[in-house]
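Residues per chain are reported as follows:
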Amino acid sequence: EWGHANVRANCLAPGLIRTDFSKAVWDDSDGNGSVVQALAANPLKRMGEPDDVAGAAIWLASAAGSYITGQTIAIDGGKLIGRVAA
């Protein structure tokens, strides 16, 4: 609707990112193994860092992302497409 005015609308969809919000998952001080479970279906086998999300935002805001609109970009280490081994 606003493309003619060079307005783009995209969505960043982060997975497990090491922030205070997700600390209950990645801070395994209670020993329940929640971080191990969370990473089991993640092909990169690591948590994301805030810079991973920031990099995608900077890319979209830069000239390199100027022809991208209407997209949802998953920043989840591949979890969306990963499968848990049986």
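Scroll up a little and you will see the structure.
These numbers come from a predicted model, not from an experiment.

Peer 1: Quick question: what am I supposed to make of the overall build of the chain here?
Peer 2: For the chain, the helix and strand inventory stands at three helices and two strands. Referenced to the eigenvectors of the C-alpha coordinate spread, the extents of the chain come out at roughly 55 × 30 × 20 Å. Burial status across the chain gives 23% buried among its 86 residues. By sequence separation, contacts in the chain at least 24 residues apart represent 66% of the contacts at least 6 residues apart. About 6300 Å² of surface is accessible on the chain, with carbon and sulfur atoms providing 59% of the total. Put simply, the chain has 7 plus and 9 minus side-chain charges, and the middle of one group is 7 Å from the middle of the other.

Peer 1: How do you make sense of the environment of Ala 57 when you look at a structure like this?
Peer 2: Turning to its location among the elements, Ala 57 is positioned in helix α3 (residues 50-61). For Ala 57 and Leu 12, which are 45 residues apart along the polypeptide, the C-alpha to C-alpha distance reads 7.6 Å.

Peer 1: Help me understand the nonpolar core in this model?
Peer 2: Nonpolar side chains in soluble globular proteins tend to end up buried together. With seven residues, the main nonpolar core is built from Ile 17, Val 53, Ala 56, Leu 60, Ile 68, Ile 73 and Ile 75. Mapped onto this core, the elements with two or more residues apiece are α3 and β2 (72-75). Looking at this core element by element, the count peaks at three residues for α3.

Peer 1: Got a minute to help me understand the pattern of salt bridges in this structure?
Peer 2: Once the charged atoms of two side chains with opposite charge are near each other, the side chains can pair. One pass over the full model with this rule turns up two salt bridges. Its salt-bridge partner being Arg 18, residue Glu 49 comes within 3.0 Å of it at the nearest N-O pair. With Glu 49 in the loop between α2 (34-40) and α3 and Arg 18 in the loop between β1 (11-14) and α1 (23-26), the pair connects residues that are 31 residues apart, well separated along the chain. Given a relative accessible area of 29%, Glu 49 falls into the partly exposed group. Classification of Arg 18 by relative accessible area gives partly exposed; the value is 34%. With a shortest N-O distance of 3.2 Å, Arg 46 and Asp 52 are connected by a salt bridge. Of the residues examined, Arg 46 reaches a relative accessible area of 40% and is grouped as partly exposed.

Peer 1: Would you take a moment to explain the packing of aromatic side chains for this structure?
Peer 2: Both the distance between ring centres and the angle between the ring planes are used here to describe each pair of aromatic rings. Under the definition given, this model contains zero aromatic pairs. The side chain of Arg 18 reaches across the aromatic face of Trp 26, ending 5.5 Å from its centre.

What counts, and where the lines are drawn
- Residues numbered from 1 in each chain as written.
- Predicted model: local features only at pLDDT ≥ 70, side-chain atom pairs only at ≥ 80, totals over all residues.
- Heavy atoms only, no water.
- Helix = DSSP H or I, 4+ residues; strand = E, 2+ residues; numbered from the N terminus.
- Buried < 20%, exposed > 50% of the residue type's maximum accessible area, 1.4 Å probe, protein only.
- Contact = heavy atoms within 4.5 Å.
- Areas by Shrake-Rupley, 256 points an atom, 1.4 Å probe, with all protein chains shown as cover.
- Lys, Arg positive; Asp, Glu negative; His and termini not counted.
- Charge placed at Lys NZ, Arg CZ, Asp CG, Glu CD.
- Core = buried A, V, L, I, M, F, W, Y, C linked by side-chain atoms within 4.5 Å.
- Salt bridge = Lys/Arg side-chain N within 4 Å of Asp/Glu carboxyl O.
- Phe/Tyr/Trp six-rings, centres within 6.5 Å; stacked < 30°, edge-to-face > 60°.
- Lys NZ or Arg CZ within 6 Å of the ring centre and 35° of its normal.

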